[in-house]
Amino acid sequence: MVDARGYSCPTPVVMVQREVKKNSPAELEVLVDNQCSVENVTRYGSSCGYQVSVTPEGHDFHMTLKK
Amino acid sequence: MKKVNWVVVIAGAAVGLAAVVLTALGNPANMGFCIACFLRDIAGAVGMHSAAKVQYVRPEIIGLVLGAFIMSVATKEFRAKAGSSPATRFVLGGFVVIGALAFLGCPLRMVIRLGGGDANALVGLLGFIIGIVIGVQFLKRGFSLKRAYEVRKAEGGVLPIVMTGLLILLLAVPTLLKFSEEGPGSKHAPLLAALVIALIVGALAQKARLCMVGGIRDAVLFQDFKLLYGFVAIFLVVLVGNLVTGSFHFGFTMQPVAHSNHLWNLLGMVLVGWGSVLLGGCPLRQLILAGEGNGDSAVTVFGMISGAALAHNFGLAGNPDSLNEAKELVVGGISNAGKVAVLLGFVVFAVISVMNLPKEETAAVAAKTH
């Protein structure tokens, strides 16, 4: 799980990138709290071959990246 | 071939077109937009510095912030957040503007200058890229100014409210403010036109997340070229606009509001690139983020205004090329105080970059330096 709530771009994508490079997870949960981060993490996840789904949770967004 | 993001391209093209139109309507040459210069003009207009040639309340700044505010409220993206190292951001904002004023332009004006044929902007671009690459090395190692938190809506509305107040002052009691009678500050598009154009640009820039540093940063960091399309669109539209209006003049010397001292053009923009990466966005992006409720970006903007005021109070800003009485070229540049300020900026950025790494990375840097 990467909790990137409260961080503005590009930090959420950097946090996801560090996790992907370190552990190459088949599935990764990511929490962000702004639309810009949703777009950026989605683009990065897709470019790494993940299927990305997004579920709004109040003011936050729960993202799931799956290979 | 990567998919082109047309929202960014359209926003970039609109910024480029707006820059050409604003220049045609009276803004200084190659200065349709310049966030650093316009914040400096505002600082002068409210008496924070006394450089008589650069004092004017630029409606473009007011419009950009309010345009982003309106768009973010309309699309329910307005979120009041703050608390991510605000004092550090204030200092970063100040030095970013000191670097920009050494070069005589923010990253947006650098692109606009490129489109006008100012070859010094190529030197600036090289420095900007070097600065971004330095900043990215720290991002990769986990640099962070820590998270922000939800705050009351009023906190997120501070910069839009301040800008509205400034607009009211400008319209109702302009005698309170200082206005240049000559120099760049005296050259400006009509107030209403500048305001309306900037409102549209601010709204589009918010929607497209337009950012001059973001394009190169994301390309280096993630091989993501989305924001770079906006950068290229601005350049191409300004280039075509200048070619059509006969305002394209290629060369290094005697470019409008520019100097051809290559070393300090380069170093000024290295400082801007590095600082903007640490801040998470260029000066334009800071205005837009502050418009959509980010209190940390509002503090950054106040830091940039303070940096601009200091730059002119202490004679740190660049002086344009000029001709002497014998019509010989006098290459401009920055004063010794300006050089010290830029170098001090590098020291400050290095300290901020290292101090905000994760603990294990900070320890590794300390071990290497001992």
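Residues numbered from 1 in each chain as written. Chains lettered and ligands numbered in written order. Predicted model: local features only at pLDDT ≥ 70, side-chain atom pairs only at ≥ 80, totals over all residues. Heavy atoms only, no water.

Quick look at the pattern of salt bridges
Then comes step 1: Tallied over the full model, the rule gives 13 salt bridges over all chains.
Then comes step 2: Two residues, Arg-209 of chain B and Glu-39 of chain A, come together in a salt bridge whose shortest N-O distance is 2.8 Å. Separated into two different chains, Arg-209 of chain B in the loop between α9 (191-208) and α10 (212-222) and Glu-39 of chain A in helix α2 (residues 35-47) make up a pair that spans both.
Then comes step 3: A relative accessible area of 4% places Arg-209 of chain B in the buried class.
Then comes step 4: When its relative accessible area of 24% is taken as the criterion, Glu-39 of chain A is described as partly exposed.
Then comes step 5: Here the salt bridges share partners, and the residues they tie into one network are Glu-39 of chain A together with Glu-77, Lys-207, Arg-209 and Lys-226 of chain B. (Salt bridge = Lys/Arg side-chain N within 4 Å of Asp/Glu carboxyl O. Helix = DSSP H or I, 4+ residues; strand = E, 2+ residues; numbered from the N terminus. Buried < 20%, exposed > 50% of the residue type's maximum accessible area, 1.4 Å probe, protein only.)

Brief notes about α10 of chain B
Then comes step 1: Taken across its eleven residues, α10 of chain B has ten buried, putting it largely inside the fold.
Then comes step 2: Residues of α10 of chain B that are buried include every one of Met-212, Val-213, Gly-214, Gly-215, Ile-216, Arg-217, Asp-218, Ala-219, Leu-221 and Phe-222 of chain B, and no others.
Then comes step 3: Contact partners of the buried residues in α10 of chain B: α1 (11-23) and α2 of chain A together with α5 (107-115), α6 (120-140), α11 (226-245) and α12 (262-279) of chain B.
Then comes step 4: Of the residues one or two after α10 of chain B, Gln-223 of chain B is the one with positive phi, at around 55°. (Contact = heavy atoms within 4.5 Å.)

Some details on the packing of α10 of chain B against α11 of chain B
Geometrically, a packed helix pair is captured by the angle between its two axes and the distance between the axes.
All names here are of chain B.
Then comes step 1: The geometry of α10 relative to α11 is characterised by a closest axis approach of 7 Å and an angle of 130° between their N-to-C directions. Between α10 and α11, the angle falls in the class oblique. For the pair α10 and α11, the crossing hand works out as left-handed. Together, Met-212, Gly-214, Gly-215, Ile-216, Asp-218 and Ala-219 of α10 and Leu-227, Leu-228, Phe-231 and Ile-234 of α11 make up the contact between the two elements.
Then comes step 2: Here the contact of α10 with α11 is composed, by residue class, of seven nonpolar, two polar and one charged. (Axes fitted to C-alpha atoms, helices over the stretch in contact; angles between N-to-C directions. Parallel < 35°, antiparallel > 145°, perpendicular 65-115°, else oblique. Left-handed = near helix turned anticlockwise from the far one by under 90°. Nonpolar A, V, L, I, M, F, W, Y, C, P; charged D, E, K, R; others polar.)

Let's talk about the state of the cysteines
Residues and elements named next belong to chain A.
Then comes step 1: Taken as a whole and judged by the stated rule, the model has one disulfide over all chains.
Then comes step 2: Note on Cys-9: no disulfide assigned, nearest cysteine sulfur contributed by Cys-36 at a separation of 4.2 Å.
Then comes step 3: Its relative accessible area of 11% is what places Cys-9 among the buried residues. (Disulfide = S-S within 2.5 Å.)

Section: a nonpolar patch on the surface
Then comes step 1: A cluster of nonpolar side chains, namely Met-254, Leu-323, Leu-329 and Val-331 of chain B, defines an oily patch on the protein surface of about 330 Å² accessible area.
Then comes step 2: On the secondary structure map, Leu-323 of chain B appears in strand β3 (residues 322-323). (Patch = residues over 30% accessible without salt bridge, like charges linked within 9 Å, V, L, I, M, F, W, Y side chains within 5 Å. Areas by Shrake-Rupley, 256 points an atom, 1.4 Å probe, with all protein chains shown as cover.)

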